[in-house]
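Read off the chains here:
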Amino acid sequence: MRTSYLPSCASMAALLFGFCLVSLLPELAAGITRHYTFNIMYQNVTRLCHTRSIISVNGQFPGPRLVAREGDRVIVKVVNHVSNNVTIHWHGVRQLTSGWADGPAYITQCPIQTGQSYTYNFTIIGQRGTLLWHAHVSWLRATLYGPIIIYPKHNESYPFPKPHREIPILFGEWFNVDPEAIITQALQTGAGPNVSDAYTINGLPGPLYNCSSQDTFKLKVKPGKTYLLRLINAALNDELFFSIANHSVTIVEADAIYVKPFNTDKLLISPGQTTNVLLKTKPYFPNATFLMEARPYFTGMGTIDNSTTAGILQYKPPSNLSSSKNLPLFKPTLPPINATSFVANFTSKFRSLANAKYPANVPLKVDKKFFFALGLGTNPCPKNTTCQGPTNTTKFAASVNNVSFLLPSTAILQAYFFGQNNGVYTTDFPVNPPTPFNYTGMPPNNTNISNGTSTVVLPFNTSVELVMQGTSIVSAESHPLHLHGFNFFVVGIGSGNYDPNKDPKNFNLVDPVERNTAGVPAGGWIAIRFFADNPGVWFMHCHLDVHTSWGLKMAWIVLDGPLPNQKLPPPPSDLPKC
Ligand code: C2O
């Protein structure tokens, strides 16, 4: 039997007399309501000697911390003072029956237009750890992102030693020019978009870039203490390796779910993923300072920004030492850029706690199986024009089961909820690839894909198994897939083509990691399972924004369940209009 995150409202009394809210109260009573205002505004920021007017929240870059406890209600009023349309997504927050607050533009809401506002209202249920918020329209999340910090309930503690201090570490990408111009141009020409000019740690590129040593993140620590680093990859397009010279860390949580702790001196974090690690500092002042570095993991053929961002881990010198200047500076060793075997080995170490307190409620029986082949492809260049895709008659594109998803011009959730589809979306998303082929072998001659706004409809509480197979069309790349509205269990992962006869025998149904974003390996596959226990329209996409822009995305529609707390309530009155 599985225990639902939702308090049970199944009693007859609840059904007959609407007592459901009352039975929810003990759960909600544990939490408080936290109010935030996010003013979306322009702000001048200088990095690498380039000053640019970026879009920020409240003039902060990276944006403000959203702090809550498990069980709290969070209310964020977002006011748009810039000329772009904006939405904010609370990445990884399950949004149980609060799908109107999820935030992806044209999926759950129309964007907030200039001068307008929208108030996001949701409760944190069954989650604790680190997540992130970010803009969810075009490439605005390049500068609109920040941490979500979820503490355990008041009387609960961490399942690991209480850290001396907690520090969010956000990885990002800095562009010397407006990222909106970059993606607009790329979609026109069909080319791969220009790459970023630097990676950043908490908005700062660090000393390995020209004109940047002033902009270096410094982590100041004391000897003999344990620090909780809340690592967040908010980069647009790059999976990143991270390491701290002469130190190892203990991974304790991923995507706001505790994991079985394990030690490592190097890690990979993909865009959309969050990882909490414990850093135990050296017992004595080490007479040295240490670089922490991040740089990309990439297996494709296109160009990427292969630069390295660095911050400094600095020990507070003992009082008898007048200065910590001129200490030797140690550098970490990171895996090579295409270290796929490191990635496979590292990824396999993540396991759910799967104990009585934090069970892994893995679906053991499957109602519906899906097989999605996903990766890059091409769209034909418009007649009488030259493009800059893989060939000059094609544009880069990306697809899931050969469908490159087109965002509609109104929100799918609105069209669905009010029964006014009128061609906004279709419900014919293919369960299997339309034409099977050797996914990781020689690509088919015709790499063109179809385009549409196609969704899958799932009855409430369907248990879903989804195998995602990476393809080698155009180039075999890894794809960090993110599912909105759910956590899923990664029950299997492998290289090459998925074998439906052999591979399921090795599925881990005991302690698989539970996440909201997981990498489909380059030239490999991953199998996930989840219960569709959250009514609404839920986006799923590659969290590399360039692939999302090219169409590597789709949406699930989960129908209401029979009980009052299994239905999506009507939208708030300030829901933006398109
Ligand atoms: Cu973090 Cu749909 O995104």
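Cut-off values and rules
- Going along each chain's sequence as written, the residues are numbered from 1 onward.
- Reporting of local features is limited, given that this is a predicted model, to residues whose pLDDT is at least 70; pairs of side-chain atoms are given and counted only at 80 or more, and all residues count toward the totals for whole chains, interfaces and linings.
- Computation of side-chain values covers all heavy atoms of the structure but excludes hydrogens and water.
- Where helices and strands are cited, they refer to DSSP runs of H or I of at least four residues and of E of at least two residues respectively, numbered from the N terminus.
- For this measure, only C-alpha atoms enter the radius of gyration; the expected value for a globule follows 2.2 Å times N^0.38, where N is the number of residues.
- The criterion used for residue contact is that any of the two residues' heavy atoms lie within 4.5 Å.
- Using the Shrake-Rupley algorithm and a 1.4 Å probe, accessible areas are obtained, with residue cover drawn only from the displayed protein chains.
- Two residue types count as positive, namely Lys and Arg, and two as negative, namely Asp and Glu; His and chain ends fall outside the count.
- To locate a charge, the coordinates of NZ of Lys, CZ of Arg, CG of Asp or CD of Glu are taken.
- Residues belong to one nonpolar core when they are buried, are Ala, Val, Leu, Ile, Met, Phe, Trp, Tyr or Cys, and are joined through side-chain atoms within 4.5 Å.
- Type-normalised accessible area, obtained with a 1.4 Å probe on protein chains alone, sets the label of each residue: buried when under 20%, exposed when over 50%, and partly exposed for intermediate values.
- Residues forming no salt bridge and having over 30% relative accessible area are the ones grouped into patches, like charges within 9 Å of each other and nonpolar side chains (Val, Leu, Ile, Met, Phe, Trp, Tyr) within 5 Å.
- By definition, a salt bridge exists where a carboxyl oxygen of Asp or Glu is found within 4 Å of a side-chain nitrogen of Lys or Arg.
- Only strands joined by at least two bridges in the DSSP assignment are considered to pair.
- To obtain each axis, a line is fitted to C-alpha atoms, and for helices this fit is confined to the stretch in contact; angles are then taken between N-to-C directions over 0 to 180 degrees.
- Criterion for a disulfide: a pair of cysteine sulfur atoms at a distance within 2.5 Å.
- Cavity means a closed set of points on a 1 Å grid over the protein atoms alone, one where a 1.4 Å probe fits but cannot get out, pocket means an open set with protein on both sides within 12 Å along at least 5 of 7 lines, and lining means a residue has an atom within 4 Å of a point.
- Grid points are joined across faces, edges and corners, and a volume is the space filled by probe spheres set on the points.
- All residues other than Ala, Val, Leu, Ile, Met, Phe, Trp, Tyr, Cys, Pro, Asp, Glu, Lys and Arg, Gly among them, are scored as polar; the first ten of these are nonpolar and the last four charged.
- Side-chain rings of Phe, Tyr and Trp (the six-membered ring for Trp) are treated as a pair once their centres are within 6.5 Å; stacked means planes under 30 degrees apart, edge-to-face means over 60, and tilted covers the remaining angles.
- By definition, being over a ring means that NZ of Lys or CZ of Arg is both within 6 Å of the ring centre and within 35 degrees of the ring normal.
- Note that the arc is computed from the directions linking the helix axis to the C-beta atoms.

Moving on: the overall build of the protein chain. When helices and strands are tallied, the protein chain shows six helices and 33 strands. Taken over the C-alpha trace, the protein chain has a radius of gyration of 23 Å; the compact-globule value for 578 residues is 25 Å, and the two agree within 12%. Look at the contacts in the protein chain between residues 6 or more apart in sequence, and 79% of them connect residues 24 or more apart. On the protein chain, roughly 22800 Å² of surface is accessible, and the fraction owed to carbon and sulfur atoms is 53%. Distance between charge centroids for the protein chain: 7 Å, based on 42 positive and 30 negative side chains.

We now examine the nonpolar core. By size, the foremost hydrophobic cluster in this structure holds 143 residues, and its most contacted members are Trp-90, Leu-229, Phe-372 and Trp-556. Leu-229 has contacts with Ile-167, Ile-169, Leu-219, Ile-244, Thr-275, Asn-276, Val-277 and Leu-279, leaving out every residue within four places of it along the chain. Grouped together as the second largest cluster of nonpolar side chains are twelve residues, Phe-371, Ala-373, Phe-489 and Tyr-498 included.

Moving on, we get to a positive patch on the surface. Together, Arg-65, Arg-165, Lys-222, Lys-225 and Lys-316 make up a positively charged patch on the protein surface. Relative to the helices and strands, Arg-65 is located in the loop between strand 2 (50–57) and strand 3 (66–69).

By the alternation rule, side chains of strand 10 (residues 198–201) split into Ala-198 and Thr-200 and Tyr-199 and Ile-201, which are all buried. With four bridges connecting them, strand 9 (residues 165–174) and strand 10 associate as antiparallel partners. Looking at strand 10, one finds that Phe-171 is bridged to Ile-201.

Pairing is mixed across the open sheet formed by five strands, whose spatial order is 25-33-32-27-30. Looking along the sheet, the strands with just one partner apiece sit at the ends: strand 25 (455–458) and strand 30 (517–520). Averaged over all pairs of adjacent strands, the angle between their axes in this sheet comes to 20°, without regard to strand direction. Across three bridges, the pairing between strand 27 (residues 479–483) and strand 32 (residues 536–542) is antiparallel.

The subject of this paragraph is the state of the cysteines. The final tally for this structure, using the stated rule, is three disulfides. A sulfur-sulfur distance of 2.1 Å marks the disulfide that ties Cys-110 to Cys-578. Looking along the S-S bond of the Cys-110-Cys-578 disulfide, the torsion reads about -105°, which is the left-handed sense. Pair noted here: Cys-110 is in the loop between strand 5 (88–91) and strand 6 (117–123) and Cys-578 is in the segment after strand 33 (553–558), with a separation of 468 residues, a long-range link. Take Cys-110: its relative accessible area is 0%, and that puts it in the buried class.

Bringing empty space enclosed by the protein into the picture now. This model, assessed by the stated rule, comprises one cavity of 30 Å³ or more. Of the voids in this model, the largest cavity is the one considered here, and its volume is about 40 Å³. Around the largest cavity sit Phe-242, Ser-243, Ile-244, His-247, Ser-248, Val-249, Thr-264, Asp-265, Lys-266 and Leu-267, which together line it. Counting only elements with at least two residues in the lining of the largest cavity, the list comes to strand 13 (239–244) and strand 16 (266–269). When residues of the lining of the largest cavity are assigned to their parent elements, the largest contribution, three residues, is made by strand 13. Among the residues forming the lining of the largest cavity, the class breakdown is four nonpolar, four polar and two charged.

Under the defined criterion, the tally for this structure stands at 35 aromatic pairs. Centre to centre, the rings of Phe-38 and Trp-133 are 4.8 Å apart; their planes meet at 55°, and the pair counts as tilted. Taken together, the residues span a long stretch of sequence, with Phe-38 in strand 1 (residues 33–47) and Trp-133 in strand 7 (residues 129–135) at a distance of 95 residues. The class for Phe-38 is buried, based on a relative accessible area of 0%. For the cation-ring pair, Arg-52 lies above Trp-174, with the distance from its terminal atom to the ring centre recorded as 5.1 Å. Note that Arg-515 overlies the ring of Phe-350, its terminal NZ or CZ placed 5.2 Å from the centroid.

Time to look at helix 4 (residues 340–347). Where helix 4 is concerned, the buried positions are Phe-342, Val-343 and Phe-346. Down the axis of helix 4, the buried side of the element spans an arc of 100°, and every buried residue falls inside it. Looking at the buried positions of helix 4, the neighbouring elements they touch are strand 13, strand 14 (249–254), strand 15 (257–264), strand 16 and strand 18 (289–297).

A few words on unusual backbone geometry. Looking along the chain, the bond that leaves Phe-61 and enters Pro-62 is cis, with omega of -10°. Tracing the chain through its elements places Pro-62 in the loop between strand 2 and strand 3. Unusually for a residue other than glycine, Asn-246 sits at a positive phi of about 60°. Mapped onto the fold, Asn-246 is located in the loop between strand 13 and strand 14.

Honestly, that's just the spatial picture; any functional story needs more than this.
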